Amino acid sequence: MFESAPTITTKTTCPYCGVGCGVKAELIGGRRMSVKGDETHPANSGRLCSKGTALGNTFSLEGRLLEPKMRKNGTLEAATWDEALDAVAHKFNAIIAEHGPDAVAFYVSGQLLTEDYYAVNKLAKGYIGTANVDTNSRLCMSSAVAAHKQAFGADLVPGTYEDLELADLLVFSGHNAAWTHPVLYRRIEAREGQMRVCIDPKRTDTAKAADLHLMIRPQTDVRLWNGLCAHLIARNAVDHDFIDQHTEGYSRLMAALCEDDQSLDAIANDCGISPADLKTFYDAFLHTEKTVSLFSMGSNQSSQGVHKGLALINAHLLSGKIGKPGAAPFSITGQPNAMGGREVGGLANMLAAHMDFDDASKALVQRYWQSPTIAPKPGLKAVDMFEAVRTGKVKAIWIMATNPMVSMPDGNRIHEALSNCELVVVSDVIARTDTMDMAHIQLPAAAWGEKDGTVTNSERVISRQRRMTALPGEVRPDWSIIADVARRMNSSWDAAFSWKGPHEVFAEHAGLTAFENNGQRFLNLEGLTGLGRETYDALTPTRWPVTKAGSTQRLFADGRFATPNGRARLIVPKATSPANLPTPEFPFSLNSARVRDHWHTLTRTALAPELNRHITEPLLDIHPKDAKRLGIKEGRLAIVTTAFGEAILKARVTDDVREGNLSVPMHWTRQFAPFGRANTMVNPAVDPMSGQPEFKHTPARVAAYNEAWHGFIMTPRNFDGELPDFAKETKNGAVWRRSSHAFADCFELAGITPMDISAIEITQSLDDVTTGLTRRVRIEDGRLTRVIFIAPITKRLPPRDWLLERFGDLVLDAKDRAALLIGRLPGVQDKGRIICACRSVGEKTINAAIADGALTVEAIGEATTAGTACGSCKGELKQCLLKHAKETAHAA
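Just so we're clear, the structure is a prediction, and the values are computed from it rather than from any experiment.

S.K.: Give a description of the state of the cysteines that names residues and reports values.
M.R.: For the structure on display, the rule yields 0 disulfides. In this structure Cys-140 is a free cysteine whose sulfur lies 11 Å from that of Cys-17, the closest cysteine sulfur available. With no disulfide of its own, Cys-836 lies closest to Cys-873 among cysteine sulfurs, the gap being 4.0 Å. On the basis of relative accessibility, which here comes to 3%, the residue Cys-836 falls in the buried class.

Below, the structure is given as structure tokens:
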């Protein structure tokens, strides 16, 4: 049936990072889809990364929530929309009537569309009267927002992606672009003759490819950038005309910098790097007019994140490297619509259209909305919001399109908060997430491909995300759900929430940005006001500000900023220590980060098998000297403990981290690796201005886990039973991690006490009393339905690929059936760890090509196809070449 259906191609936007790539999605009936990059979109010009390329494989209905559910007598039961919406509205009204508007809160997401964000902000701030609307964007870029507002007078990103290509010097400050923004990184790579500097405590793929890597001590960024500012002043390399005409605060900044020892030796010593490397960076910045400094989560996620941003911006203001082609400080956002959310007041400390809680702004917004009230003051930021839930000050919370049980710091405390809350409403697309499991009411929301609205990327370009298929089940758009609840809360609000489509929401948002603007606010969508459905549907990527005269490419080109006097502010940043210093009990500095092919909490990317095979389980990066001292071995489990929680992860011994530092990935959840959750360990300390948590530094200790055995269990991908009970305290106690593949899920297991598998039904077994290796398989109606291998930790297990692929066989043939208990077909080589997700090329295939003479990345591509699609694996291909060269030299 699908093959005969007409092919429909839709231009839309990728739902992952803030690059905002254009996508051409081809729907072939039903929910079968292929995607490729949109060559006409200005962000990517046809490129896509591995995650974007795999979008079609995440478009099924697997795991979806397709109907509202309400918890009754402890269990979730299907409900009608009327029942669910009435319950939300009634409970919110009752709590507000008894405890006031601030007893309710909304925790939303940079995954929402601008129209969704606008609707919830209007409901909360203009009709309920609370500013308790915060977002998971608080966790990734709120420090940059605060720095922008202090320095520029508003949340404004000066540059465009074109500037990254025009720059002669590119600085990555806490930004692993090679993994986090792969398409942007491909654009950068294409520029020849550009010097690249990476500032990062970890040797990331971006650092490995840079001309200079400053592997600084954690949280010494402000010291480094302040030193650069002092260096510019001492060398008389500041732009005096620009400072005199367009900034304020120079004398105060200069005096403050003079209070510290700004010698190269002192700065280098404090930052833990060599004076020679430091001087190379400072001199490069001094002598290069066209310089762009990118900053991202590695900079923002800190208790001093705002000051990190300010220190970086100061260096650009002092040297006049701003508002010009190829010269800008540039904040790169993590989520697809982090900037769109900020445009409509998505953070608790801002109103819509980039306005604050001053009396004039509140009056303007209320006048435009014609609303009965307006939130009188900023609301609770994310960490404070969940603490208010925990202590009972907030009694009802509505969580939209995000998974705070996994993404917030101090995860055990978040669990306590939601466990105690009177009403937890969660609207999302996946039925089982760690946060969905906490809900009293679950509301099925539209997913990518079903959503219809706009997003804004990191260079201020507004693009359409378009609906490609009918809404499945009883799914509804977020803005529509919010409007339904608003009308049920108060019938006199009907007119304010009577939008007939997302185009009417967008028209209202655009109108607010232009309302009584008179050139006072840079965020101005005057040129997009009054769009009807047809023109909204046809909207092409457009950069704001966009007035009747057209769009503005680069901000501050005329030296005018958004402050009352039009001058940028040189704010004094203070170099301080981390919020919590290491102690004898917790001597390590724990850093949390992300991995290349995963997105957030795996709710979508885990559906695409090719994205699960680059890194299949949570790993702990530890320096070889630390590992040796503590008896932690490569590939064995280690237990990491902080004052807030603990996790058990497989050790990767590497000098990519500094001695005394640990690094863990943040994606894994109770659904995938209940013992490997990073954020249960992260301290909830925040930046005092932005409220952004310090994900990049928590004091920790680490020890070997000393597991006695390891193994794996495979179940069919469509396995409909309960997850195996591997709780450590049970007789089947084990540490487990699950990864999804094309036909089966694989549970990697390890434990200390022997595991009882006698209850698992099998059809074939083989126990090797010599090696202690236990093998079990189950075949039903000719198909493989279970595989179990368990061995002492000192014994090797077979590769997983061949066995996992057998789950796709409708009927096992005789030779495959005979090989099941061996774990591989004799003579068949597995791929090894997947390095190129786009082409599914493994490490062993790549190493074989190198051994056969493919000695460049391009030659590997010709031999294996690795690196010929999105290119995000090119860094690892270079590492394979380096490893081969070292081994060859050693052998000689």
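S.K.: Account for the packing of helix H9 (residues 221–234) against helix H15 (residues 305–318), naming residues and giving values.
M.R.: The interhelical angle for the contact between H9 and H15, taken along N-to-C directions, is 20°, at an axis separation of 8 Å. Classified by the angle their axes make, H9 and H15 are roughly parallel. You can see that H9 and H15 cross each other, and the crossing is left-handed. Residues Asp-221, Val-222, Trp-225, Asn-226, Leu-228, Cys-229, Leu-232 and Ile-233 of H9 touch H15, and the partners they reach there are His-307, Lys-308, Ala-311, Leu-312, Asn-314, Ala-315 and Leu-318. Partitioning the contact of H9 with H15 into residue classes produces 10 nonpolar, 3 polar and 2 charged.

S.K.: Give a description of the sheet that holds strand E18 (residues 461–465) that names residues and reports values.
M.R.: Remark on secondary structure: sheet strands pair via backbone hydrogen bonds, oriented parallel or antiparallel. One open sheet accounts for 3 strands, arranged E17-E18-E19; its pairing is antiparallel. Unpaired on one side and paired on the other, strand E17 (453–456) and strand E19 (542–543) mark the two borders of the sheet. With 4 bridges joining them, E17 and E18 adopt antiparallel strand pairing. Bridge assignment links Val-455 to a residue of E18, and that residue is Ser-463.

S.K.: Would you mind going over unusual backbone geometry in detail, with residue names and values included?
M.R.: For the bond running from Trp-544 to Pro-545, omega is 0°, close enough to zero to count as cis. Looking at where Pro-545 falls in the secondary structure, it is placed in the loop between E19 and strand E20 (546–547). The backbone of His-354 shows a phi angle near 65°, a positive value even though the residue is not glycine. Tracing the sequence through the fold places His-354 in the loop between helix H16 (338–343) and helix H17 (359–369).

S.K.: Give me the lowdown on the sheet that holds strand E13 (residues 328–331), citing residues and values where you can.
M.R.: Taken in spatial order, the 5 strands make up an open sheet running E10-E9-E8-E12-E13, and their pairing is parallel. Lying at the two open borders of the sheet, with one neighbouring strand each, are strand E10 (212–214) and E13. Taking the axes of each pair of neighbouring strands and ignoring which way they run, one obtains an average angle of 15° across the sheet. Taken together, the 5 bridges between strand E8 (residues 169–173) and strand E9 (residues 195–199) define a ladder with parallel strand orientation. What sits directly across from Val-171, in E9, is Val-197. Set on the sheet, helix H13 (residues 275–287) makes contact with E8, E9, E10 and strand E12 (291–295); between it and E10 the angle comes to about 115°.

Reading the values: the criteria
Residues numbered from 1 in each chain as written. Predicted model: local features only at pLDDT ≥ 70, side-chain atom pairs only at ≥ 80, totals over all residues. Heavy atoms only, no water. Disulfide = S-S within 2.5 Å. Buried < 20%, exposed > 50% of the residue type's maximum accessible area, 1.4 Å probe, protein only. Axes fitted to C-alpha atoms, helices over the stretch in contact; angles between N-to-C directions. Helix = DSSP H or I, 4+ residues; strand = E, 2+ residues; numbered from the N terminus. Parallel < 35°, antiparallel > 145°, perpendicular 65-115°, else oblique. Left-handed = near helix turned anticlockwise from the far one by under 90°. Contact = heavy atoms within 4.5 Å. Nonpolar A, V, L, I, M, F, W, Y, C, P; charged D, E, K, R; others polar. Pairing = 2+ DSSP bridges.

Just distances and angles here, no functional claims.
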